[in-house]
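Okay, here's what each chain looks like letter by letter:
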Amino acid sequence: PTVMFNLNHLGYPTITNATNWASWLDGINKLAALPNVYIKLSGLPQTYDAPGWTADDFTPYVKAALDAFGAQRMNYAGNWFVLMDEEWEGN
């Protein structure tokens, strides 16, 4: 438990497939119970896997991760170099 882990991209949830929500949420809650695990808010357009996303698509995932880990164990990365590609554009 002395090694710190940082889960990238909120664990890369399959946002376009709602049937995976329960499994993703269960995994997030199990990881959040471990005090040495942190979570990174990043790369969500890639998890959507298609152009045309909106902030509303990501809100439940961000809220669930924030509820599970708290603000003190969540960090942020912009992922701008990947997201400059047009295929990741949102609405």
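Quantities reported herein were computed from a predicted structural model and do not represent experimental measurements.

1. Things to note about the confidence of the model for the chain
Low-pLDDT portions of the prediction should not be read for the details of their coordinates. When pLDDT is averaged along the chain, the result is 87; 85% of the residues meet or exceed 70. Averaged pLDDT values over the elements of the chain bottom out at 58 in helix H4 (residues 80-83) and peak at 97 in helix H1 (residues 21-32).

2. Quick look at the packing of H1 against helix H3 (residues 55-69)
Close contact between H1 and H3 brings their axes to 9 Å; oriented N to C, the two are set at 25 degrees. Here H1 lies roughly parallel to H3, going by the angle between them. The crossing of H1 and H3 is right-handed. Only Pro60, Tyr61, Ala64, Ala65, Ala68 and Phe69 of H3 make contact with H1, whose side of the interface consists of Trp21, Trp24, Leu25, Ile28, Asn29, Leu31 and Ala32. Looking at the contact of H1 with H3 residue by residue, the class counts come to twelve nonpolar, one polar and no charged.

3. Considerations on the pattern of salt bridges
All told, the structure shown has two salt bridges when counted by the stated rule. Asp26 is paired through a salt bridge with Lys30; the nearest N and O atoms lie 3.1 Å apart. One end of the pair is Asp26 and the other is Lys30, both in helix H1 and four residues apart, which spans about a single turn. A relative accessible area of 54% means that Lys30 is categorised as exposed. A salt bridge links Asp67 to Lys63; the shortest N-O distance between them is 2.8 Å.

4. Some words on the nonpolar core
Counting residues in each nonpolar core, the largest one holds 17 residues, and the members touching the most others are Leu10 and Ile39. Only H1, strand E2 (37-41), helix H2 (44-48) and H3 provide two or more residues apiece to this core. Ranked by residue count, the leading element in this core is H3, at five residues. When sequence neighbours within four positions are dropped, the list of residues in contact with Ile39 reads Asn6, Leu7, Leu10, Ile28, Ala65, Phe69, Arg73, Met74 and Asn75.

5. Description of the sheet that holds strand E3 (residues 74-76)
Strand order in this open sheet of three strands is E1-E2-E3, and the pairing throughout is parallel. In this open sheet, the two strands that pair with only one neighbour each are strand E1 (5-7) and E3. Averaged over neighbouring strand pairs, the angle between their axes works out to 35 degrees when direction is ignored. Looking at chain direction, E2 and E3 are connected through three bridges and run parallel. Along E3, the bridge assignment pairs Lys40 with Asn75. H3 contacts E2 and E3 of the sheet and is inclined by roughly 155 degrees relative to E2.

About the thresholds
- Residues numbered from 1 in each chain as written.
- Predicted model: local features only at pLDDT ≥ 70, side-chain atom pairs only at ≥ 80, totals over all residues.
- Heavy atoms only, no water.
- pLDDT = per-residue confidence, 0-100.
- Helix = DSSP H or I, 4+ residues; strand = E, 2+ residues; numbered from the N terminus.
- Axes fitted to C-alpha atoms, helices over the stretch in contact; angles between N-to-C directions.
- Parallel < 35°, antiparallel > 145°, perpendicular 65-115°, else oblique.
- Left-handed = near helix turned anticlockwise from the far one by under 90°.
- Contact = heavy atoms within 4.5 Å.
- Nonpolar A, V, L, I, M, F, W, Y, C, P; charged D, E, K, R; others polar.
- Salt bridge = Lys/Arg side-chain N within 4 Å of Asp/Glu carboxyl O.
- Buried < 20%, exposed > 50% of the residue type's maximum accessible area, 1.4 Å probe, protein only.
- Core = buried A, V, L, I, M, F, W, Y, C linked by side-chain atoms within 4.5 Å.
- Pairing = 2+ DSSP bridges.

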